[in-house]
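Understanding the architecture of this molecule
Residues per chain are reported as follows:
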Amino acid sequence: ERLEYLGDAILDFLSADFLYTHFPHATEGELTRFRAALVNTDALAELAQSYGLGAYIRMSKGDELDGGRTRVSLLCDVFEAIIGAMYLQKGLDEVRQFIVPSLIARKNLIADDTVSKNPRSRFQEWAEGVYGITPRFEMLSKGGQEHLPDYEFGVYLGDKLIAKGHGQNKR
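Computed from a prediction, not measured in an experiment: that's the story for all the values here.

Points about the packing of helix α3 (residues 41–50) against helix α5 (residues 72–90)
Here α3 crosses α5 at 75°, and the two axes come no closer than 8 Å. By the angle between their directions, the pair α3 and α5 is classed as roughly perpendicular. Here Thr41, Asp42, Leu44, Ala45, Leu47, Ala48 and Gln49 of α3 come into contact with α5, specifically with Val72, Ser73, Leu75, Cys76, Phe79 and Glu80.

Quick notes on the packing of aromatic side chains
Under the defined criterion, the tally for this structure stands at six aromatic pairs. Between Phe23 and Phe34, the ring centres sit 4.9 Å apart and the planes meet at 50°, which makes this aromatic pair tilted. On the criterion of sequence distance, the pair formed by Phe23 in the loop between α1 (2–22) and α2 (28–38) and Phe34 in helix α2 is long-range, its members being 11 residues apart. Neither residue differs from the other here; Phe23 and Phe34 are each classed as buried.

Examining the nonpolar core
Counting 29 residues, the largest nonpolar core has Leu19 and Phe79 as the members making the most contacts within it. Taken together, the elements giving at least two residues each to this core come down to α1, α2, α3, α5 and α6 (92–111). When residues in this core are grouped by element, the largest group, six residues, is from α5. Those residues in contact with Leu19 that lie beyond four places of it in its chain are Leu31, Phe34, Arg35, Leu38 and Ile110.

Overview of the sheet that holds strand β3 (residues 160–167)
Ordered in space as β1-β2-β3, the three strands form an open sheet in which the pairing is antiparallel. The sheet terminates laterally at β1 (136–145) and β3, the two strands that pair on one side only. The average undirected angle you get between the axes of adjacent strands in this sheet is 20°. Sheet topology places strand β2 (residues 148–157) next to β3; seven bridges connect them, and they run antiparallel. Looking at β3, one finds that Gly154 is bridged to Lys164. Helix-sheet contacts for helix α8 (residues 119–131) involve β1, β2 and β3, and the interaxial angle to β2 is about 15°.

Regarding α8
With 13 residues, α8 ought to run about 18 Å at 1.5 Å a step, and its terminal C-alpha atoms sit 17 Å apart, in line with that. Remark: Gly132 follows α8 within two positions and exhibits a positive phi of approximately 70°.

A closer look at a nonpolar patch on the surface
A cluster of nonpolar side chains, Trp126, Val130, Tyr131 and Ile133, forms an exposed patch at the surface whose accessible area comes to about 400 Å². Relative to the assigned elements, Val130 resides in helix α8. Overall, Val130 belongs to the partly exposed group, its relative accessible area being 49%.

Each value, and the rule that gives it
- Residues numbered from 1 in each chain as written.
- Predicted model: local features only at pLDDT ≥ 70, side-chain atom pairs only at ≥ 80, totals over all residues.
- Heavy atoms only, no water.
- Axes fitted to C-alpha atoms, helices over the stretch in contact; angles between N-to-C directions.
- Helix = DSSP H or I, 4+ residues; strand = E, 2+ residues; numbered from the N terminus.
- Parallel < 35°, antiparallel > 145°, perpendicular 65-115°, else oblique.
- Contact = heavy atoms within 4.5 Å.
- Phe/Tyr/Trp six-rings, centres within 6.5 Å; stacked < 30°, edge-to-face > 60°.
- Buried < 20%, exposed > 50% of the residue type's maximum accessible area, 1.4 Å probe, protein only.
- Core = buried A, V, L, I, M, F, W, Y, C linked by side-chain atoms within 4.5 Å.
- Pairing = 2+ DSSP bridges.
- Expected span 1.5 Å × (residues − 1).
- Patch = residues over 30% accessible without salt bridge, like charges linked within 9 Å, V, L, I, M, F, W, Y side chains within 5 Å.
- Areas by Shrake-Rupley, 256 points an atom, 1.4 Å probe, with all protein chains shown as cover.
- Salt bridge = Lys/Arg side-chain N within 4 Å of Asp/Glu carboxyl O.

Below, the structure written as structure tokens:
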């Protein structure tokens, strides 16, 4: 967890440095959204999967049977920990050389406004533009197991429930 903490900070720094250089006219808010798109849990889990890291994670048989080797949050954590370890062993320049090609590969995706804003933000902008109402998101229930929760959320426009959704994290 300590290596994960360090790796997370290094990834934030390197992605901020990359974006500052490659998007010289972007505002602070745009750079923040771009960074979130570059180093979010899903993006880092994809990188972990591309290196086959799931196969190397030590875990209990129960966690393995519950899909632990493909769990997005765990893959992200492992990738961040590896970045932290790489930094301690090889230094910042080596980590930069390792991670920048992945940032370059995602550069065009993050520049696209539909990717740089999360779905919730895009929906909120649409609802406010069309209906003049800011949507409200409310947790309806929490189920599942402690290590594999299932959250159900409702989306309201005014007092009207317009949609429900569920997933393994609150986002």
